[in-house]
Number of protein chains: 2
Amino acid sequence: MKALLAEIISIGDELLIGQVVNTNASWMAQTLNHAGITVVQVTTVRDDRQAITEAVSAAMQRADMVLTTGGLGPTKDDITKTVLCELFHTRLVESPEVREHVRTLYANRPEVLNSLTATQWLVPEAAVILPNRVGSAPLMVFHRSATNVQQPKVLISLPGVPHEMQIAMTEQIMPYLKEHFALAADIIHRTIVVYGIPESTLALRIEQWEQALPPTIHLAYLPKQGVVRLRLSSYGEASADEVQQQIDALLPLIADHVLATDDLAPNVVLGRWLTERKQTIATAESCTGGRLAALLNEQSGSSVYYMGSVIAYDNSVKQQVLGVLPETLAADGAVSEACVRQMAEGVRRLLKTDYAIATSGIAGPTGGTPDKPVGTVWLAWATPNGTFAECRHFGGDRAQITNNAAMAALGKLLLLLKQ
Amino acid sequence: MKALLAEIISIGDELLIGQVVNTNASWMAQTLNHAGITVVQVTTVRDDRQAITEAVSAAMQRADMVLTTGGLGPTKDDITKTVLCELFHTRLVESPEVREHVRTLYANRPEVLNSLTATQWLVPEAAVILPNRVGSAPLMVFHRSATNVQQPKVLISLPGVPHEMQIAMTEQIMPYLKEHFALAADIIHRTIVVYGIPESTLALRIEQWEQALPPTIHLAYLPKQGVVRLRLSSYGEASADEVQQQIDALLPLIADHVLATDDLAPNVVLGRWLTERKQTIATAESCTGGRLAALLNEQSGSSVYYMGSVIAYDNSVKQQVLGVLPETLAADGAVSEACVRQMAEGVRRLLKTDYAIATSGIAGPTGGTPDKPVGTVWLAWATPNGTFAECRHFGGDRAQITNNAAMAALGKLLLLLKQ
């Protein structure tokens, strides 16, 4: 069966001056992919009639379905709806259903029900309108009516607000696509999460295995924040068993570095590990400043294993709340093995947990010294088997150092737990 | 002067199955924009010869400069370099400079210097090679040699690792572009950050002002996490003074909701406000779980005003570290006005700060009740003028509720401070 091809068109000036990161496209790509639809291109264009027209026309040539986001707000810079009307030779008409929905939506906020909001219940006559449960912009599906095309083609226009788009995709668009297209379910992606080995060293270690892969199974290396994800993909040509056989052959080659055999981030793996064993963890953060806590709390149910954190940005907090000795701070400074060990042990004692992680470092851009340059981070792990500490050096800007340090703290703990 | 047009092509399967968010494109767009280069399109394609060829060819037609990222790694799935060689009719030759650089780069990590890494010092003969200080993939600049084109056109190929790409853009590519193109410096973006008013209410309130804007100044509404950014842009047609005049006319209309008159996030505005006044802040977080701390620590220099946080995920931490009364937790629960007030006052006392923010709510997806559905968040602000508390309801998934609650906690504090 021929794979269904999709393209995504993200519309909005804010994306092209870099004020907003296009998280919508990756979320949609993931969702479409899991349903067996191959996304072949994402195009981001301005709120501009010609740019939207050209991008939509080109994408409709190449793909079976085109999904656009953005440009559906009530304000003047949003022109997607009128441009699509031109493209599909239709006009705007009032929709009593959408009007009723918008009035109900804003029943408690009458100040929002104004003349601008009223443009939201004008919809293209030729489009199928699906309900937008959480927002005022209607979801629009245009079917291409050309007679010389064998396969149906659709254009779907969605709001650009991520939360609205996600609910619309999940509740309306995916069921609609499943109803109107024969969706393949045989695209397979399997991911192995590897930590503590550089990409090229890894590639060399598994070179023979990689060369022996059948042409029906594709391998990709996805390095990020010290973690390398190895992804095996099959686009309808290999069976799940065949992919599993390759994974079974791969794992023994890299056993000392595997964090997970699913596409799970280290924080998720750790959360599951702790939940299964009914164990708990706490954190004491200096340079990572809440990033580690945020990672540990990303998952629902984290309150079962995550007791809390003391973010000890100031040395007085390290001393008074965590019990770091004044003489340690005076002699070794806050960015030192002794300090980070005392932080980990202090928070483990204070919050009565099985494990604790502590971080102290220089996230920069200021604060570095020749001795301890920006990017120097001490990490410590207090465990029932003793406390371990490690000094790491991270590159990049403040955000990257913070993120990478937090990720390293989790990655290393997972390898420690596996021992 | 005609504005210089750029397009960005992001290359990588991982972007089209949604495993990686394309943060590179927005970072590059912002950087190019600030140098007066207008980004008109971002195209994301797979690691596929035909897709790369078509996207690059089309972009070179439309734009003066095309920047690609990705596909330059040493592994087999990376094909950008060979595809660009075909497109620009050139071949790969060994570069002694790049070889030397890569050897120096990995001098301390001999395991990385293997046969795969060796492909990194093969470079296209026709390309200008610029040094990649932090990575092994060379930066390549191809000049289009067509004789019938008046303006020069270039294609620039950059690595896809965000940290490498950013250093390459800042240190090599932007200076190179400034040398080879007459860059306009008259693109103006000004942003007003507004909080506590819905987008359409805001639009109606400033409708007359908006209608009177000259056609040379463009207005965009950028709503995100409860904050609306109003952006005024001029693409070489209005002067900075003319834009400022419009801002001067706008501000009195929305004075009660303005957080900042620069494109600053609420955390940045708060950081500056506290730094100027030599005041300090602490946080006590339950449902936001570190997100608020991470926001407050995003900026360098935050250690001057940010003392730390107690992330009290577990009720025992709320009691023992923050001093929340057991009877409050028993009678009202953790998600209550009384609890969040005690958390804010407790952490303000413990860390001896001028201000403190506390959060307690239900981030979901589990844990909601009819009384306190998912998205219910109590916020409190302990200040020298007393403690204030507010119950808010946020939509979306766990990450959105957490982010929006953290942002609301900062936005509301700023409005309180302005009073």
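One can find the structure itself at the top, above this paragraph.
Computed from a predicted structure; not experimentally measured.

(A) Examining the pairing of strand β17 (residues 386-393) of chain A more closely. Residue and element names in this part refer to chain A. Sheet analysis places strand β16 (residues 376-383) next to β17, joined by 8 bridges and oriented antiparallel. Bridging across to β17, Ala-380 finds its partner in Ala-389. In this structure, the hairpin formed by β16 and β17 is closed by a connection of 2 residues.

(B) Spotlight on unusual backbone geometry. In the segment running from Gly-364 of chain A into Pro-365 of chain A, the intervening peptide bond is cis, with an omega of 0 degrees. Within the element layout of this structure, Pro-365 of chain A appears in the loop between β15 (355-361) and β16. If you check the backbone angles, Lys-278 of chain B has positive phi at about 55 degrees while not being a glycine. Mapped onto the elements, Lys-278 of chain B comes out in the loop between α10 (266-277) and β13 (281-285). Located in the positive-phi region is Lys-352 of chain B, a residue other than glycine, with phi close to 55 degrees. By secondary structure assignment, the location of Lys-352 of chain B is in the loop between α14 (337-351) and β15 (355-361).

(C) Structural context of the interface of chain B and chain A. Taken together, the contact pairs 90 residues of chain B with 90 residues of chain A. Surface buried jointly by chain B and chain A totals about 6,900 Å² across both partners, of which 54% is contributed by carbon and sulfur atoms. Interface area lost by chain B to chain A is led by Ile-17, Gln-19 and Tyr-313 of chain B, which between them contribute 9%. At the junction of chain B with chain A, the criterion picks out 0 salt bridges. On inspection of chain B and its partner chain A, the count reaches 27 residue pairs in polar contact (both at pLDDT 80 or more). Looking at the side of chain B that touches chain A, the element that brings in the most residues is strand β2 (residues 37-45) of chain B, giving 8 residues. A per-class count over the side of chain B that touches chain A returns 35 nonpolar, 37 polar and 18 charged. Looking at chain direction, strand β14 (residues 306-312) of chain A and strand β14 (residues 306-312) of chain B are connected through 5 bridges and run antiparallel.

(D) Representation of the sheet that holds strand β12 (residues 258-260) of chain B in the model. Residues and elements named next belong to chain B. The strand order across the open sheet built from 4 strands is β10-β11-β9-β12, with neighbouring strands paired in antiparallel fashion. Where the open sheet ends on each side, the last strands, each with one partner, are β10 (218-224) and β12. When strand polarity is set aside, the average angle formed by the axes of neighbouring strands in this sheet is 30 degrees. Across 9 bridges, the pairing between strand β9 (residues 187-195) and strand β11 (residues 227-235) is antiparallel. Directly across from Thr-191, in β11, lies its bridge partner Arg-231.

(E) Highlighting the pairing of strand β8 (residues 154-158) of chain A. Residue and element names in this part refer to chain A. Counting buried positions along β8 yields 5 of 5 residues, so the element is predominantly enclosed. Side chains Val-154, Ile-156 and Leu-158 project from β8 onto one buried face, and the interleaved Leu-155 and Ser-157 project onto a second face that is buried too. Judged from the 5 bridges that link them, strand β3 (residues 65-69) and β8 form a sheet pairing that is parallel. Residue pairing across strands places Met-65 opposite Val-154, the latter belonging to β8. By the bridge criterion, 4 bridges tie strand β7 (residues 139-143) to β8 in an arrangement that is antiparallel. Directly across from Val-141, in β8, lies its bridge partner Ile-156.

Reading the values: rules and limits
Residues numbered from 1 in each chain as written. Chains lettered and ligands numbered in written order. Predicted model: local features only at pLDDT ≥ 70, side-chain atom pairs only at ≥ 80, totals over all residues. Heavy atoms only, no water. Pairing = 2+ DSSP bridges. Helix = DSSP H or I, 4+ residues; strand = E, 2+ residues; numbered from the N terminus. Contact = heavy atoms within 4.5 Å. Buried area = accessible area lost by both parts, 1.4 Å probe. Salt bridge = Lys/Arg side-chain N within 4 Å of Asp/Glu carboxyl O. Polar contact = N/O pair within 3.5 Å; in protein donor to acceptor, adjacent residues only side chain to side chain. Nonpolar A, V, L, I, M, F, W, Y, C, P; charged D, E, K, R; others polar. Axes fitted to C-alpha atoms, helices over the stretch in contact; angles between N-to-C directions. Buried < 20%, exposed > 50% of the residue type's maximum accessible area, 1.4 Å probe, protein only.

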